[in-house]
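# Structure at a glance
Next come the chains, spelled out residue by residue.
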Amino acid sequence: QSLGLFNDGAGIRPSIFNDDAEFIELTRHDEYLLQILYDRRLRPGMMRGEAEPIVRGIATKLLADAKTF
């Protein structure tokens, strides 16, 4: 939680943000989550309807970029 994301999602695997798993290094999934969290287009206090399209756009681009490698 010190990185700003909840760490108690049992369905989030593989991830250091899953309390039920023993991951000690950031996974690619974790890197994506952190890139989204700290994107400058997002700011504290945004409503879900405002933030969700931005987050979806960021995630779509991250996944598209990953496929080009």
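Please refer to the structure higher up on the page.
Presented here is an overview of the structure given in this document. Note that the structure is predicted; figures quoted are calculated from it, not measured. (Residues numbered from 1 in each chain as written. Predicted model: local features only at pLDDT ≥ 70, side-chain atom pairs only at ≥ 80, totals over all residues. Heavy atoms only, no water.)

### A few points about the overall build of the protein
Inclusion rule: Only DSSP runs of H or I covering at least 4 residues are called helices, and only runs of E covering at least 2 are called strands; the numbering of each starts at the N terminus. When accessible area is computed with a 1.4 Å probe and restricted to protein chains, residues below 20% of their type maximum are described as buried, those above 50% as exposed, and intermediate ones as partly exposed. Throughout, a contact is declared for two residues whenever any of their heavy atoms are within 4.5 Å. Only the protein chains shown count as cover for residues, with accessible areas throughout obtained via the Shrake-Rupley method and a probe of 1.4 Å.
What the protein contains, in helices and strands, is 2 helices and 0 strands. A burial count over the protein gives 25% of its 69 residues as buried. Within the protein, contacts between residues separated by at least 24 positions form 21% of all contacts whose residues are at least 6 apart in sequence. With an accessible surface of roughly 5600 Å², the protein has 56% of that area assigned to carbon and sulfur atoms.

### Side note on the nonpolar core
We apply this condition: The nonpolar core is taken to be a set of buried Ala, Val, Leu, Ile, Met, Phe, Trp, Tyr and Cys residues, with the residues joined through side-chain atoms within 4.5 Å.
One finds Tyr 32, Ile 36, Leu 42, Met 46, Ala 51, Ile 58 and Leu 62 forming the largest nonpolar core, which totals 7 residues. Contributing elements (two or more residues each) for this core: helix 1 (28-37) and helix 2 (48-67). The contacts of Leu 42, once residues within four sequence positions are left out, are Ile 36, Ala 51, Ile 54, Val 55 and Ile 58.

### Topic: the packing of helix 1 against helix 2
Rules: Angles here are taken between N-to-C directions and fall from 0 to 180 degrees, while the axes themselves are lines fitted to C-alpha atoms, restricted in helices to the stretch in contact. Any angle from 65 to 115 degrees is called roughly perpendicular, while one under 35 is roughly parallel, one over 145 is roughly antiparallel, and all others are oblique. Two helices cross in a left-handed way if the nearer one is turned anticlockwise from the farther one by less than a right angle. They cross in a right-handed way if the turn is clockwise. Just so you know the grouping, Ala, Val, Leu, Ile, Met, Phe, Trp, Tyr, Cys and Pro go in nonpolar, Asp, Glu, Lys and Arg go in charged, and all remaining residues, Gly too, go in polar.
Interaxial distance between helix 1 and helix 2 falls to 10 Å at its minimum, and their mutual angle equals 140 degrees. By the criterion of interaxial angle, the relationship of helix 1 to helix 2 is oblique. Crossing geometry of helix 1 relative to helix 2 is assigned as right-handed. In this structure, helix 1 uses Tyr 32, Gln 35 and Ile 36 to contact helix 2, whose residues at the interface are Val 55, Ile 58, Ala 59, Leu 62, Leu 63 and Ala 66. Residues belonging to the contact of helix 1 with helix 2 are distributed by class as follows: 8 nonpolar, 1 polar and no charged.

Such coordinate-based values are descriptive only and should not be taken to indicate function.
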